[in-house]
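# Summary of structural features
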Amino acid sequence: MAADRLQQWRRLSQAGFMLLFLIAPAVDLLRFDLHERQLWLFGQPWSLGLSDLQAGRVGVSHTVLTLLTHGLLPLLLLVGGFLAVAWRQGRLYCGWLCPHFSLVEAINAVLQRACGRLSLWDRTPVPLAGGRHPQRRWWVVYGLACVLAGTAWGITLLCYLLPPAEVWGGLLHGSSTPGQLRFIVIASGVFALEFALARHLFCRYGCAVGLFQSLVWMANPRARVVGFARERAAHCRGCVPDATRPTVQASACEQACPMRLTPRQTKRWMFACVQCGRCLTACDRAQHTRAALEGGVGVTPLLQWTVGSDAFRESLRQRRPVAAVAAPPAAAPAPTPARTLPPPDPKTEES
Ligand code: SF4
Ligand code: SF4
């Protein structure tokens, strides 16, 4: 299924960027050395030429030129390019690359195995793939995952500020300075708590990178957005069973969204959408299942990405409550009796 391939590509890009994030300081790809007060970029010391000016080795005009070519211009290109992508594509960085969001999804999956929910603050459980039930022993894994993720974050952050060989050497040989240990303990604790209790909140409102992408994306009505085929809204009925009330039907897209959004809402309610496409994949699967049960063929999912003028129309839609949108039209045939759909394929279902 194309939607499944989309998620495979996303997983691959997330894994690649996570690796890059972890090894970047060790190979001097990007780090700031507090000892030397030196930025390292792409394996080279990156200088703005101020020390040369102070030492009298170069003149003012040369320093101004260096400031422009080594400071202002690359910064403008980087920030401008990043925001240009966000303007057209939304929070693509968040959903496809950001190491924090990769961990958010991984920790969601562990928590779901422990209590059937993707966040401690969720009220509605999300059924596990293959009809499995949550098991309490996963609470231990959840706690360990948060502590491990927090510790990895704390140590990696220090490696971006001090030579990684010094940080890791100190930890392995027990020769870290009290300051380094204090930093690692405090940073790891804060990150572990954030991963356990507030990871979604951080992505929504706490992270400047995510916030600015959202602001730029919201300003462009033609930007990529999850479009909903409202004219076929009746097909949403009977999407998947509600985990707590087996006779009631729930929405596969809402259950799949790692940011706990309602993907059928209009753009104004999707500020925190990270363009992960998991709602599209869930909708695709649900509609295939529905078609198979009803003997239909050639099903198109109700949720699909739209961009350009289609996105413009989508963005302009007035807010309508999803329940009203999903309800069948008055003239529609009587609803089919409530039924339990088969569980998703555990091989393809994501945690
Ligand atoms: S909001 Fe920040 S932390 Fe969250 S996914 Fe986006 S960039 Fe990553
Ligand atoms: S609405 Fe869809 S694309 Fe956006 S974050 Fe949720 S699942 Fe991902």
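The structure we're discussing is the one just above.
Predicted model, so just to flag it, every value in this text is computed and none were measured.

## Section: the overall build of the chain
For the chain, the count of helices and strands is 14 helices and seven strands. A buried classification covers 41% of the 351 residues belonging to the chain. Residue pairs in contact within the chain that sit at least 24 positions apart in sequence constitute 70% of those at least 6 positions apart. In the structure as shown, the chain presents an accessible area of about 19100 Å², 68% of it carried by carbon and sulfur atoms.

## What to know about helix α1 (residues 2-23)
Relative to the 32 Å expected for 22 residues at 1.5 Å per residue, α1 spans 32 Å between its end C-alpha atoms, a close match to the ideal helical length. Burial in α1 covers these residues: A3, D4, Q7, R10, Q14 and M18. Looking down the long axis of α1, one finds its buried residues gathered within 110 degrees of arc, a one-sided arrangement. Relative to its buried face, α1 has exposed residues pointing more than 90 degrees away, namely A2, Q8, W9, L12 and L19. Buried-residue contacts for α1 involve α4 (92-96), α5 (99-115), α6 (138-159) and α12 (278-294).

## Some details on the sheet that holds strand β3 (residues 44-46)
Taken together, the three strands give an open sheet; going across it, the order is β1-β2-β3, and neighbouring strands pair in antiparallel fashion. A single partner strand is all that each edge strand has here, and the edge strands are β1 (30-33) and β3. Ignoring which end each strand starts from, the neighbouring axes of this sheet average 30 degrees apart. When β1 meets strand β2 (residues 38-41), the two strands line up antiparallel, connected through four bridges. The partner of F32 across the bridge, within β2, is L39.

## Some details on the site of ligand 2
Near ligand 2 you find C257, P258, P263, M270, C273, V274, Q275, C276, G277 and C279, and these make up its full shell. A breakdown of the residues in the shell around ligand 2 according to their chemical character gives eight nonpolar, two polar and no charged.

## A short note on the environment of V140
When you line up the elements, V140 lands in helix α6. When its relative accessible area of 55% is taken as the criterion, V140 is described as exposed.

## Quick look at the packing of α6 against helix α8 (residues 178-197)
Direction vectors running N to C along α6 and α8 enclose 135 degrees, while the axes themselves pass 7 Å from each other. When the interaxial angle is binned, α6 and α8 end up oblique. The way α6 lies across α8 gives a crossing that is right-handed. Of the residues in α8, those in contact with Y142, C146, V147, A149, G150, T151, W153, G154, I155, L157 and L158 of α6 are Q180, F183, I184, A187, S188, F191, A192, F195 and A196. Here the contact of α6 with α8 is composed, by residue class, of 15 nonpolar, five polar and no charged.

Procedures and definitions
- Residues numbered from 1 in each chain as written.
- Chains lettered and ligands numbered in written order.
- Predicted model: local features only at pLDDT ≥ 70, side-chain atom pairs only at ≥ 80, totals over all residues.
- Heavy atoms only, no water.
- Helix = DSSP H or I, 4+ residues; strand = E, 2+ residues; numbered from the N terminus.
- Buried < 20%, exposed > 50% of the residue type's maximum accessible area, 1.4 Å probe, protein only.
- Contact = heavy atoms within 4.5 Å.
- Areas by Shrake-Rupley, 256 points an atom, 1.4 Å probe, with all protein chains shown as cover.
- Expected span 1.5 Å × (residues − 1).
- Arc of directions from axis to C-beta.
- Pairing = 2+ DSSP bridges.
- Axes fitted to C-alpha atoms, helices over the stretch in contact; angles between N-to-C directions.
- Near = heavy atom within 4 Å.
- Nonpolar A, V, L, I, M, F, W, Y, C, P; charged D, E, K, R; others polar.
- Parallel < 35°, antiparallel > 145°, perpendicular 65-115°, else oblique.
- Left-handed = near helix turned anticlockwise from the far one by under 90°.

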